[in-house]
Amino acid sequence: MRRSKFSRRDILKGSSALTLGLSSTSVLFTSVLAAAPPAEAVTPALIEAAKKEGKVVYYTSVDLPLAEKIAKSFEAKYPGIAVRVERTGAERVFQRIGQEYSSKIYAVDAVNSSDAAHFIVWKRDGILQPYVPEDVAKHYAADHKDADGMFAAFRVGLSIIAYNTKLVKAEEAPKSHADLLDPKWIGKLIKAHPGYSGTIMTATYQLSRDLGWEYFEKLAQQGVMQVQSASDPPKKLALGERAVQADGNEYNVFQIKESGGPVEPVYAAEGTPLVIGPNGIFKNAPNPNAARLFQAFCFSPDCQQLIVDVGGQRSLHPQVKEKAGRKPLNDIKTLKDDAAAVEKMGEEIRAHYSKLFKV
Amino acid sequence: MTIAISEQVPRTVHGFDYTRVVLYGFALALVLLIVLPMSWLVYYAFSSPSGGITLSNFTRLFSESTFIDPLITTFVLATSTSVICCIVAAPMGWLVARTDMPLRRTTRLMVTASFVTPPFLGAIAWELLAAPNSGLINQAYRVLTGAPADDHLFNIYSFAGLTFVIACYTFPYVFVLVANALDRTPGDLEDASSILGGSAWDTARRVTIPLAMPAVLAGALVAFLQAMTLFGSPAILALPAGFHTMTTKIWSLFQYPPKPELAAAAALPLLILTVLLLRAEHMILGRRGYAVLGGKNSDPRIVPLGVLRWPAVLLCFGILLCPVFLPYGALFNAAFSRIASQVISINNFTFHNIYFVFFELSATKLAFYNTFVLGIATATLGTILALVISYLTTRQAVAGHRVLGFLATAPVAIPGIVLGVGLFLSYTRPPFVLYGTLWILLLAFLTLSLPAAYQQMQSAFRSIHPELEDASRILGATRLRALREITAPLLRTSVIATWCFVFVGTIRELSAAIMLFTSETKVISVLIFDLNESGDLAAISVLGIIMLIITFGIVALANRLRIGGGPVRLRNY
């Protein structure tokens, strides 16, 4: 049964063969009340105030080495302000913030989540701080930022199929999600968990919407190795533990491939789930100035180029160049993202998933 | 000084025991420590998310296969682990305590090493060794036999694999209990048997084994409970294999949106089962004399093994390969290798992993600081608590001492993660807002380490016959003086060993910590668990090795403290 919330056109759009790129993304960033505060430049006064606070606490779901690189690059630009990275899966980040806030513990300054639905909840709960860095105001399309200035798309990634080139020949590699259901992949697949990873939550929603839950029902019969983080399948591929990942971060595959690891991305014929990871800061941030400075830094061309070059992410900043050797985002057929739907159906997706995969 | 006072005061006051006030104070603290979170647990188990009393949590628990399956899995897992541990550890304990096998001291040290190895670290190391495709052992197997690329010798991501790994780090509990019992059993009973014409086998069957039996049974029980309440190893190995144990199931119930009611209900059967087992243990052991260290004593008798001496050593070290040598080797390999599944060579040797942990990972320093503070505080407070409670219960010093003993043992039945929730519920509201501070973790670790510490101290107390104290008191000493001059010196090594025991237990605690930590109060075990979920095996290896070095450092330090007669021996673990 199709959920009536989505028009047939949405679904067709999502699965149509045409390149969608990012122009059609996101119900997420539209708002009835367009009341974003004016853009704020990074002033010496802000830097001074941030330095007085001396630190910023960043909860993020981006892969740890990359998160620490972002932190180090911020610390290099603004000496005297230490970044403490708190990395776990997006769904855990969400749970942790909920848990802390319900106990009135305000430890987090800035947040990044690969499940954009979380920002809908935080915004609705009124715990986000409106703040629009100059870069966001000038360079980010309306589709890619919150109309009320609460958050903007820090990173874009894909959840892709990939394989270990030592274990699988290119011609034998799967070309689509349907290919993964071939009996020859029994015991050879690995995938991450939507109860942990925001990327996989988003991807599971999109795939179950466009391919139907039958796809997951069949996939669950393939003896899949179940890991938690979307960063883990590419790492296990590189180790040679499994031959093919059914889902996982594109950016880790890039990182491993570009450092000589035996992995190769696959862009599925049905389309690849598109994952948007916004950044925001909190109203009750313990280091409000450092939080602003950090948020501004995250959307600067420097940082955006860093997450692309080193991290293998996709950026929405128009000044950022894609790295040579990677398939440009606009050439990839992606599934349509819909954070609002993920927000509504998250629990159902989790329950359905654990019923099928037993964990 | 005490005597001088007692001579001056009137005779009626002489009888008043000031220690009693202190003792009741401790009792109260214990009640608060354990009863408060447990009450919340029970309350939640019987309430519905919308409030109100209900049995629906239990109906779901015993009707839905998503709960029944983990329940059965856990029971089978705990039973098989317990049996394996006894089969492996009891003979080893005997070899080390009662034979002339060479390298006995080294064997004990190695068992200690496996004891102090955090089970989750062992599980991760065994992933490196026996993951079906990338595991080093399976790679070696394919190279040596020419087996095809997807063939494997071991699959650690399986029920058998999980049982094996848990047994690897649980058997020391049985070993230590057995070896200790045999160490303490005086040789004169066996001598008597020999003198009266009993053969070596008769002596073993009629004297040694019955004397060791309580320890084996107690060990089996501890192993069962340990396996039942373990969280880290199942979370690491069972989830990739596609099944849940009770602990991982309970943990998964706290994923968003959290269902504490169901989790509390799922924890209660474990609690009840443990209570029953403890009752059973009491019935088995209750009638037997435990006191083997009295006023008269003689050395244990050593059995000569003859030609079997070296095969016995081989057997012990063959067993120790699994919990110690192989996993440590795998961790070292991963720490210095560019790719964790490749054996170190000139091409892939790297210091990058170490650099990453110390200079790039921003959580490292704080996690170490928190772990240290908590380890020391928990060990100190836990030992004091255990000491007092075991004194009260073994000497039956206060009315209601049985309740105290029960309370001190009860946390063994509470999966850390559930205690974590109980504490979370208790200490996130006024007047005690402790969440987000190290205090709540301290309470959790203290509660969790209490049963083990209590068991240690209790067996130490039990092995000292009250006749020694009684003699002192008959001669006019107060209870405090008897404690200070008779009991304390006899207990010193046990106290220090318990301190170390609690310390190493605390720094490896994961399941409660994972519920209670915030970014400011992260500990190393949680950091390692986080890293495992994103597959950063190299960083884990570095952190794990550092953790092991710290642990061994503490143990060695305790070992070097020369108190009274000689060094503290690790046998007291």
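Computed from a predicted structure; not experimentally measured.

Each value, and the rule that gives it
- Residues numbered from 1 in each chain as written.
- Chains lettered and ligands numbered in written order.
- Predicted model: local features only at pLDDT ≥ 70, side-chain atom pairs only at ≥ 80, totals over all residues.
- Heavy atoms only, no water.
- Helix = DSSP H or I, 4+ residues; strand = E, 2+ residues; numbered from the N terminus.
- Buried < 20%, exposed > 50% of the residue type's maximum accessible area, 1.4 Å probe, protein only.
- Contact = heavy atoms within 4.5 Å.
- Areas by Shrake-Rupley, 256 points an atom, 1.4 Å probe, with all protein chains shown as cover.
- Buried area = accessible area lost by both parts, 1.4 Å probe.
- Salt bridge = Lys/Arg side-chain N within 4 Å of Asp/Glu carboxyl O.
- Polar contact = N/O pair within 3.5 Å; in protein donor to acceptor, adjacent residues only side chain to side chain.
- Nonpolar A, V, L, I, M, F, W, Y, C, P; charged D, E, K, R; others polar.
- Patch = residues over 30% accessible without salt bridge, like charges linked within 9 Å, V, L, I, M, F, W, Y side chains within 5 Å.
- Axes fitted to C-alpha atoms, helices over the stretch in contact; angles between N-to-C directions.
- Parallel < 35°, antiparallel > 145°, perpendicular 65-115°, else oblique.
- Left-handed = near helix turned anticlockwise from the far one by under 90°.
- Pairing = 2+ DSSP bridges.
- Phe/Tyr/Trp six-rings, centres within 6.5 Å; stacked < 30°, edge-to-face > 60°.
- Lys NZ or Arg CZ within 6 Å of the ring centre and 35° of its normal.
- pLDDT = per-residue confidence, 0-100.
- Expected span 1.5 Å × (residues − 1).
- Bend = angle between axes of the 7 residues up to and from the residue.

**Topic: the overall build of chain B**
Okay, step 1: Helix and strand content of chain B: 26 helices and 2 strands.
Okay, step 2: Looking at chain B residue by residue over its 573 residues, the buried ones come to 56%.
Okay, step 3: Long-range pairs, those at least 24 residues apart, make up 77% of the contacts in chain B between residues at least 6 apart in sequence.
Okay, step 4: Total accessible area on chain B stands at roughly 23,800 Å², and carbon and sulfur atoms take up 69% of it.

**So, the interface of chain B and chain A**
Okay, step 1: Each partner contributes to the interface: chain B provides 47 residues, whereas chain A provides 44 residues.
Okay, step 2: Summed over the three residues of chain B that lose the most area to chain A, namely B:Tyr256, B:Ser519 and B:Glu533, the buried surface amounts to 17% of that side.
Okay, step 3: The interface formed by chain B and chain A includes 5 salt bridges.
Okay, step 4: Between A:Arg84 and B:Glu520 there is a salt bridge, with the nearest N and O atoms lying 3.0 Å from each other.
Okay, step 5: Applying the counting rule to chain B against chain A returns 14 residue pairs in polar contact (both at pLDDT 80 or more).
Okay, step 6: Contributing elements (two or more residues each) for the side of chain B that touches chain A: α13 (232-241), α17 (352-360) and α25 (524-533) of chain B.
Okay, step 7: When the residues that make up the side of chain B that touches chain A are grouped by side-chain class, the tally is 23 nonpolar, 15 polar and 9 charged.

**Some thoughts on a nonpolar patch on the surface**
Okay, step 1: Nonpolar side chains collect at one region of the surface, where B:Trp201, B:Ile209, B:Met213 and B:Leu217 lie side by side and expose about 380 Å² of accessible area between them.
Okay, step 2: Secondary-structure assignment places B:Trp201 in helix α12 (residues 200-229).

**Looking at the packing of helix α5 (residues 65-98) of chain B against helix α9 (residues 159-168) of chain B**
All names here are of chain B.
Okay, step 1: Direction vectors running N to C along α5 and α9 enclose 50°, while the axes themselves pass 9 Å from each other. Relative to α9, α5 is oriented oblique. Both α5 and α9 take part in a crossing whose hand is right-handed. Where α5 abuts α9, its residues Thr73, Val76, Leu77, Ser80, Thr81, Ile84 and Cys85 lie against Phe159, Leu162, Thr163, Ile166 and Ala167.
Okay, step 2: Broken down by class, the residue content of the contact of α5 with α9 amounts to 8 nonpolar, 4 polar and no charged.

**Thoughts on the pattern of salt bridges**
Okay, step 1: Here the structure, examined in full by the defined rule, presents 29 salt bridges over all chains.
Okay, step 2: Here A:Glu172 ties to A:Lys169 by a salt bridge, and the two come within 4.0 Å at their closest N and O atoms.
Okay, step 3: Across the pair B:Asp530 and B:Lys522 runs a salt bridge whose closest N-O atoms are separated by 3.1 Å.
Okay, step 4: Take B:Asp530: its relative accessible area is 7%, and that puts it in the buried class.

**Some remarks on the packing of helix α7 (residues 119-130) of chain B against α13(B)**
Residue and element names in this part refer to chain B.
Okay, step 1: The geometry of α7 relative to α13 is characterised by a closest axis approach of 7 Å and an angle of 25° between their N-to-C directions. Judged by the inter-axis angle, α7 sits roughly parallel to α13. In this structure, α7 uses Pro119, Phe120, Ala123, Ile124 and Glu127 to contact α13, whose residues at the interface are Gly232, Ser233, Ile236 and Leu237.
Okay, step 2: In terms of residue class, the contact of α7 with α13 is made up of 6 nonpolar, 2 polar and 1 charged.

**Things to note about unusual backbone geometry**
Okay, step 1: Not every positive phi belongs to a glycine, and A:Lys104 is a case in point at roughly 60°.
Okay, step 2: For A:Lys104, the location among the structural elements is in the loop between α4 (90-102) and β3 (110-112).
Okay, step 3: Using a relative accessible area of 63% as the deciding quantity, one classes A:Lys104 as exposed.
Okay, step 4: Backbone geometry at B:Leu103 places phi at a positive 60°, although glycine is not the residue there.
Okay, step 5: Positionally, B:Leu103 belongs in the loop between α5 and α6 (104-116).
Okay, step 6: Judged by its relative accessible area of 42%, B:Leu103 falls in the partly exposed class.

**Observations concerning the sheet that holds strand β8 (residues 244-245) of chain A**
Whenever strands of a sheet pair, they do so through backbone hydrogen bonds, lying parallel or antiparallel.
Residues and elements named next belong to chain A.
Okay, step 1: Judged by pairing direction, the sheet is mixed, and its 5 strands sit side by side in the order β7-β6-β8-β5-β9 without closing on themselves. Each edge of the open sheet is held by one strand with a lone partner, namely β7 (225-226) and β9 (263-266).
Okay, step 2: Bridge analysis of strand β6 (residues 189-191) against β8 gives 2 bridges, and the strand direction is parallel. Note on β8: the bridge partner recorded for Ile190 is Gln245.
Okay, step 3: Against the sheet, helix α10 (residues 250-258) makes contact with β5 (161-164), β8 and β9, and its axis sits at roughly 145° relative to β9, the strand it touches most.

**Examining the packing of aromatic side chains**
Okay, step 1: As enumerated under the stated definition, the model contains 37 aromatic pairs over all chains in all.
Okay, step 2: Put simply, the rings of A:Phe94, A:Tyr101, A:Tyr106, A:Phe119, A:Trp122, A:Phe151 and A:Phe282 touch in pairs and so form one group of aromatic residues.
Okay, step 3: Sitting over the ring of A:Phe357, A:Lys191 keeps its end group 5.4 Å from the ring centre.
Okay, step 4: The ring of B:Phe115 has B:Arg508 sitting right over it, with the charged end atom 5.5 Å from the ring centre.

**Some remarks on the sheet that holds strand β4 (residues 151-158) of chain A**
All names here are of chain A.
Okay, step 1: Strand order in the open sheet formed by 5 strands is β2-β1-β3-β10-β4, and the pairing between neighbours is mixed. With partners counted over all chains shown, the strands left at the sheet margins are β2 (82-87) and β4, one partner each. Averaged over all adjacent pairs, the angle separating strand axes in this sheet is 20°, with direction ignored.
Okay, step 2: With 7 bridges joining them, β4 and strand β10 (residues 274-281) adopt antiparallel strand pairing. Its bridge partner lying in β10, Phe151 is registered against Gly280.
Okay, step 3: Against the sheet, helix α3 (residues 64-77) touches β1 (55-60), β2 and β4, its axis set at about 165° to β2.

**Some thoughts on the confidence of the model for chain A**
Okay, step 1: In this model, chain A carries a mean pLDDT of 91, and residues with pLDDT of at least 70 account for 91%.
Okay, step 2: Low pLDDT (under 50) marks residues 1-26 of chain A, which in the prediction has 50 contacts with non-local residues, meaning those over four places away or in another chain.

**As for helix α13 (residues 339-357) of chain A**
Residues and elements named next belong to chain A.
Okay, step 1: Over its 19 residues, α13 extends only 24 Å from the first C-alpha to the last, a length that falls short of the 27 Å expected when each residue adds 1.5 Å.
Okay, step 2: At Met345, α13 shows its largest bend, some 65°.
Okay, step 3: For α13, the secondary structure elements touched by its buried residues are α4, α5 (117-124), β6, α7 (198-210), α8 (213-219) and β7.
Okay, step 4: Positive backbone phi, approximately 70°, marks Lys358, located one or two places after α13.

**Focus on the confidence of the model for chain B**
The predicted coordinates of low-pLDDT regions are not to be read in fine detail.
All names here are of chain B.
Okay, step 1: Per-chain confidence: chain B averages 84 in pLDDT, with 89% of residues scoring 70 or above.
Okay, step 2: The secondary structure element of chain B with the lowest average pLDDT is strand β2 (residues 566-567), at 33, and the one with the highest is α9, at 97.
Okay, step 3: Note that residues 289-295 has pLDDT below 50 and, in this model, 17 contacts with residues that lie over four places away or in other chains.
Okay, step 4: Below pLDDT 50 for its whole length, residues 562-573 participates in 35 contacts with residues either more than four positions away or in separate chains.

**Comments concerning the pairing of β10(A)**
Look at any regular strand and the pattern is simple: side chains alternate between the two faces of the sheet.
Residues and elements named next belong to chain A.
Okay, step 1: By the criterion of burial, β10 is predominantly enclosed, with 8 of the 8 residues buried.
Okay, step 2: Covered by surrounding structure in β10 are Leu274, Ile276, Pro278 and Gly280 together with Val275, Gly277, Asn279 and Ile281, the residues of both alternating faces.
Okay, step 3: In terms of strand pairing, β3 meets β10 through 3 bridges, oriented antiparallel. Residue pairing in the sheet places Ala110 in a bridge with Ile281 of β10.

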